[in-house]
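# Coordinates in review
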Amino acid sequence: MSIQTLATSPFADQKPGTSGLRKSVSIFQQPHYLENFVQAIFNSLEGFQGKTLVLGGDGRYYNREAVQIILKMAAANGFGRVKVGQGGILSTPAASCIIRKYGAFGGIILSASHNPGGPNADFGIKYNIGNGGPAPEKVTDAIFANSKTITEYKQLAAPDVDIDRLGESRLGDMVVEVIDSVSDYQALMESLFDFDRIQHLLTNGSFRMCMDSLHAVTGPYAHAIFEKRLGAPAGTVIHGVPLEDFGGGHPDPNLVYAHDLVELMFGPDAPDFGAASDGDGDRNMILGQRFFVTPSDSLAVLAANAKLVPGYKDGLAGIARSMPTSAAADRVAARLGIDCYETPTGWKFFGNLLDAGKATLCGEESFGTGSNHVREKDGLWAVLFWLNILAVRQESVEQIVREHWQTYGRNFYSRHDYEAVQSDRAHALVDYIHAQMPSLKGKTFGAYTVDYADDFSYTDPVDGSVSKNQGIRIGFTDGSRIVFRLSGTGTQGATLRLYLESYEPNIAKHHLDPQVALGDLIAIAEEIAQIKHYTGMEKPTVIT
Ligand code: VG1
Ligand code: CO
């Protein structure tokens with residue numbers, strides 16, 4: 001087995017987005033495309049000789065091929081060991097857990113998360129650092145810079161490794177260790193939650209749940225934890241076999257794409273609790289019987305009830321949420337007397353706060369919730385957290401959320417996505433809003449007066465790094481807001497995200513449909529951004 005150095009030339013489009021590099025499979029299959037990016041990762045790291053790399057992905061099309069390429073490149077570049085999930089499978093939170101547990105140098109996760117998979121869909125790759133979290137911007141910037149000047153990459157000339165059989169083998173001087181994809185993660189969950197109590201809830205005959213893995217990576221994890229360990233009846237987990245194309249669907253746990261679950265949970269014989277997770281297992285959607293919990297509310301409810309859960313019984317150090325996420329969690333933090341941090345979109349911005357012990361729980365409006373147990377958002381963790389709360393409180397999901405609103409008021413919230421918009425039109429829309437920004441403050445729209453209009457900029461309180469242009473915020477004097485952002489994970493044209501939020505303390509209005517409660521703000525957003533004109537779309541692709 002010899003180390004080969006192969007000549008290559010750079011690709012101009014390898015800039016990591018909100019969460020790694022995401023492109024269509026056909027782009028990744030171009031000669032040297034994946035290799036260039038992997039070498040660019042290695043070139044921007046120092047001190048990994050002889051150290052351990054964690055490797056795995058969500059099982060989508062091209063996962064297995066990419067694993068073989070990366071193993072041979074890791075061996076040629078001098079890693080001492082790669083821990084690879086069996087069959088190339090590791091959920092994003094499991095990879096984070098394994099990096100931390102074994103003190104690995106870092107990890108490579110193969111996933112395009114909630115984007116569809118298959119030969120005509122998307123693939124992705126991201127690098128996580130030794131704390132188990134996504135590489136911060138200074139690392140992703142270095143990777144991008146390297147990718148633009150790369151001239152060669154290294155690989156070991158060797159046959160493929162058997163990644164389906166557990167155990168160790170050698171690839172040149174490097175050890176390849178094929179590990180069980182689930183067990184370390186399951187052990188971590190058992191250390192945080194009251195499994196005995198959850199088991200009792202799931203087996204007492206009066207409580208039913210449905211977990212929809214959307215044919216994505218959490219299937220094996222959900223089967224092992226909910227059915228095998230916690231005793232839920234067979235069939236509790238649906239779509240639980242990971243498929244390379246996720247069965248042709250979007251593995252995105254929202255009201256549109258998790259349609260089978262939504263139909264069940266809003267149907268006549270709905271279970272008590274429903275949940276779904278995304279392609280790589282870091283997102284979650286929580287449903288009660290005929291009741292949807294917004295991710296922003298979910299974060300707030302978990303925070304308010306954290307003391308009921310063994311892993312969080314001593315209280316929270318702080319809460320962090322991404323800027324577009326509703327301020328529901330801020331109200332809980334205020335009552336608990338702890339800090340609440342507002343970060344840009346993307347989990348990489350939570351890492352420093354978690355490492356510094358400033359935050360315990362983190363969340364994003366995009367169905368992402370997590371804590372300091374790993375450095376990624378964690379779908380099944382959120383499901384277990386809810387189950388633990390339900391097992392202790394013995395109330396329904398709806399009762400718990402309604403009572404939460406009574407205590408804290410309700411933050412009406414919705415996100416409207418306009419997908420696959422022509423890029424130049426989307427940027428023209430952003431320019432159009434920018435042009436108005438200096439004159440927006442003080443302007444009135446019906447009953448609403450603009451309090452501020454800015455581009456969100458974040459200064460990391462731990463390392464002082466500054467991230468600019470993280471979304472346009474238009475805030476009104478009554479505390480409601482409109483936020484505009486362009487997605488950093490889409491692969492087709494541009495995706496416009498419009499985030500809407502208003503606060504309603506009056507219990508008598510808590511029953512309103514959010515689209516009705518937010519109706520004025522939706523109209524104002526259209527007036528300010530001319531969304532129909534610029535996107536050419538009459539209505540959003542997805543409303544959550
Ligand atoms: C989206 C979400 C963001 C999330 C990111 C990665 O990013 O809005 O909150 O962190 O996806 O999640 P964007 O740039 O498209 O808005 V995942 O589960 O796709 O890794
Ligand atoms: Co994801």
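Rules behind the numbers
Position numbers for residues count from 1 along each chain, tracking the sequence in the order it is written. Key to labels: chains lettered from A, ligands numbered from 1, both in the order written. With the structure being a predicted model, the display of local features is reserved for residues of pLDDT at least 70 and the display and counting of side-chain atom pairs for 80 or more, all residues being used for whole-chain, interface and lining totals. Hydrogens and waters are ignored; side-chain quantities use all the structure's heavy atoms. In DSSP terms, a helix is any run of H or I states spanning at least four residues, a strand is any run of E spanning at least two, and both are numbered starting from the N terminus. When accessible area is computed with a 1.4 Å probe and restricted to protein chains, residues below 20% of their type maximum are described as buried, those above 50% as exposed, and intermediate ones as partly exposed. Strands pair, by our definition, only if DSSP identifies at least two bridges between them. Counted as coordinating are nitrogen, oxygen and sulfur atoms within 2.8 Å of the metal, or 3.2 Å for Na, K and Ca, while water is not included, which may make sites look incomplete. Fitted lines through C-alpha atoms serve as axes, helices being fitted only where they are in contact, and the angles separating the N-to-C directions of these axes extend from 0 to 180 degrees. Throughout, a contact is declared for two residues whenever any of their heavy atoms are within 4.5 Å. Planes of paired rings set the category: under 30 degrees apart is stacked, over 60 is edge-to-face and the rest tilted, where pairs are Phe, Tyr or Trp rings (Trp by its six-membered ring) whose centres lie within 6.5 Å. Cation placement over rings: the criterion is NZ of Lys or CZ of Arg within 6 Å of the ring centroid and within 35° of the ring normal.

On to unusual backbone geometry. With a phi close to 50 degrees, Leu214 is a non-glycine residue in the positive phi region. On the secondary structure map, Leu214 appears in the loop between strand S10 (209-212) and helix H8 (218-229). Residues other than glycine seldom take positive phi values, yet Gln530 does so here, at roughly 50 degrees. Position of Gln530 relative to the elements: it lies in the loop between helix H17 (519-529) and helix H18 (531-535).

What follows deals with helix H10 (residues 295-305). Taken across its 11 residues, H10 has 10 buried, putting it largely inside the fold. Among all positions in H10, only Pro295, Ser296, Asp297, Ser298, Leu299, Ala300, Val301, Leu302, Ala303 and Asn305 are buried.

The strand order across the open sheet built from seven strands is S20-S21-S24-S25-S26-S19-S27, with neighbouring strands paired in antiparallel fashion. Every other strand in the sheet has two partners, leaving strand S20 (444-445) and strand S27 (542-543) as the edge strands with one partner each. Note: strand S24 (residues 472-476) against strand S25 (residues 481-486), four bridges, orientation antiparallel. Following the sheet pairing, Ile472 is matched in S25 by Phe484.

What follows is about the coordination of the cobalt ion (ligand 2). The cobalt ion (ligand 2) binds to the protein through Ser113 (OG), Asp278 (OD), Asp280 (OD) and Asp282 (OD), with metal-donor distances spanning 2.0 to 2.1 Å. Here the donor residues of the cobalt ion (ligand 2) share one chain and are spaced in sequence as S-x164-D-x1-D-x1-D. Here the residue Ser113 occupies a position in the loop between strand S5 (106-110) and strand S6 (122-128), and Asp280 occupies one in the loop between strand S12 (273-277) and strand S13 (284-288), the gap between them amounting to 167 residues. Since its relative accessible area comes to 2%, Ser113 is described here as buried.

Along S13, five of the five residues are buried, which leaves the element largely enclosed by surrounding structure. Residues Asn284, Ile286 and Gly288 point to one face of S13 and Met285 and Leu287 to the other, with burial holding for every one of them. Judged from the five bridges that link them, S12 and S13 form a sheet pairing that is antiparallel. Each residue of the ladder has a partner; that of Phe273, found in S13, is Gly288. Between S12 and S13, which pair antiparallel in sequence order, lie six residues; one of them, Gly281, sits at a positive phi of approximately 85 degrees. Bridge count for S13 against strand S14 (residues 291-293) is three bridges, and the pairing is antiparallel. Within S14, the position partnered with Ile286 by the bridge is Val293.

Quick look at the sheet that holds strand S16 (residues 339-343) now. Read across the sheet, four strands follow the order S16-S15-S17-S18 without closing on themselves; strand pairing throughout is mixed. Two strands lie at the open edges of the sheet, namely S16 and strand S18 (368-371), each paired on one side alone. Put simply, the sheet's adjacent strands are angled 15 degrees from each other on average, direction ignored. Judged from the four bridges that link them, strand S17 (residues 361-364) and S18 form a sheet pairing that is antiparallel. Bridge pairing in S18 links Gly363 to Thr369. Relative to S17, H10 is tilted by about 170 degrees, and along the sheet it contacts strand S15 (318-322), S17 and S18.

Next up on the list: the packing of aromatic side chains. Per the stated rule, a full pass over the model turns up 20 aromatic pairs. Here Tyr312 and Phe385 contribute two aromatic rings whose centre-to-centre distance is 5.3 Å and whose plane-to-plane angle is 25 degrees, an arrangement assigned as stacked. Of this pair, Tyr312 sits in the loop between H10 and S15 while Phe385 is found in helix H13 (residues 379-393), placing the two residues 73 residues apart along the sequence. Given the relative accessible area of 3%, Tyr312 is considered buried. Taken together through their ring pairs, the aromatic side chains of Phe11, Phe28, Tyr33, Tyr62 and Phe123 make up a single cluster. Its guanidinium or amino end placed over the ring of Tyr102, Lys83 lies 3.9 Å from that ring's centre, counting from NZ or CZ. The ring of Tyr503 carries Arg331 above its face, with NZ or CZ at 3.3 Å from the centroid.

Don't take any of this as a statement about function, it's just geometry.
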